[in-house]
Amino acid sequence: MPAASFISIGDLSKRTGVAVSALRFYEEKGLLHPLRTSGNQRRFLRSDIRRVSFVLIAQKLGLGLDEIEAHLAQLPQGRNPTLTDWQKISRAMREQIDERINLLTRTRNQLDQCIGCGCLSLAKCQLYNKDDRLGLKGPGPRAVLD
């Protein structure tokens, strides 16, 4: 592979906005797998920029590092992932992302009215959750979680 295919940890940090210490942490957690030069310096594939970007997006979506690691483990090591490789991850995550979008939408639509938590403190609660009927479905904000 040509040397231009590799970048230093500093370059990876500059391109992704992720601190060098965080990149080392990602490596420790198995999210990144840099190669080592004869002088023991880390060298990353240019495609690791996308890998780190994926980690940032997945974290913003609320995925834990274990979940992120499981998705990234599907990618090949030592070569640039292809479009097909990334599509496999995308399909695997699509249902999870759709569920989060639905929860966010329900939260946005319900948060300024009765959320079915059982407090019955808003006037609308008496209409939407009379006598805490939603409490029969279980604890928590049933109008958002169901």
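Residues numbered from 1 in each chain as written. Predicted model: local features only at pLDDT ≥ 70, side-chain atom pairs only at ≥ 80, totals over all residues. Heavy atoms only, no water.

**Q** Which residues make up the environment of Gly138, and what are the values?
**A** Tracing the sequence through the fold places Gly138 in the loop between helix 6 (123-128) and helix 7 (142-145). Judged by its relative accessible area of 17%, Gly138 is buried. It is 26 Å that separates the C-alpha atoms of Gly138 and Leu61, two residues lying 77 residues apart in sequence. (Helix = DSSP H or I, 4+ residues; strand = E, 2+ residues; numbered from the N terminus. Buried < 20%, exposed > 50% of the residue type's maximum accessible area, 1.4 Å probe, protein only.)

**Q** Explain the packing of aromatic side chains to me, and be specific about the residues and the numbers.
**A** As enumerated under the stated definition, the model contains two aromatic pairs in all. With 6.4 Å between their ring centres and 50 degrees between their planes, Phe25 and Tyr26 make a pair best called tilted. With a relative accessible area of 6%, Tyr26 lands in the buried category. On the basis of an interplanar angle of 55 degrees and a centroid distance of 5.8 Å, the ring pair of Phe54 and Trp86 is categorised as tilted. One end of the pair, Phe54, is in helix 3 (residues 48-60); the other, Trp86, is in helix 5 (residues 83-110), with 32 residues separating them in the sequence. The residues Phe54 and Trp86 share a single accessibility class, namely buried. In this structure, Arg50 is placed above the aromatic ring of Trp86, and the distance from its NZ or CZ to the ring centre is 4.7 Å. (Phe/Tyr/Trp six-rings, centres within 6.5 Å; stacked < 30°, edge-to-face > 60°. Lys NZ or Arg CZ within 6 Å of the ring centre and 35° of its normal.)

**Q** Can you lay out the sheet that holds strand 3 (residues 42-45) for me, pointing to particular residues and giving the numbers?
**A** The antiparallel open sheet is built from three strands, whose spatial order is 1-3-2. With partners counted over all chains shown, the strands left at the sheet margins are strand 1 (6-7) and strand 2 (35-36), one partner each. (Pairing = 2+ DSSP bridges.)

**Q** Can you break down the pairing of strand 3 residue by residue, with the values?
**A** Pairing geometry for strand 1 and strand 3, over two bridges, is antiparallel. In the sheet register, Ile7 faces strand 3, and the bridge partner there is Phe44. Pairing geometry for strand 2 and strand 3, over two bridges, is antiparallel. Note on strand 3: the bridge partner recorded for Arg36 is Arg42. The antiparallel hairpin formed by strand 2 and strand 3 contains five residues in its connecting segment, where Asn40 sits at a positive phi of about 65 degrees.

Any link to function would need more than the numbers given here.
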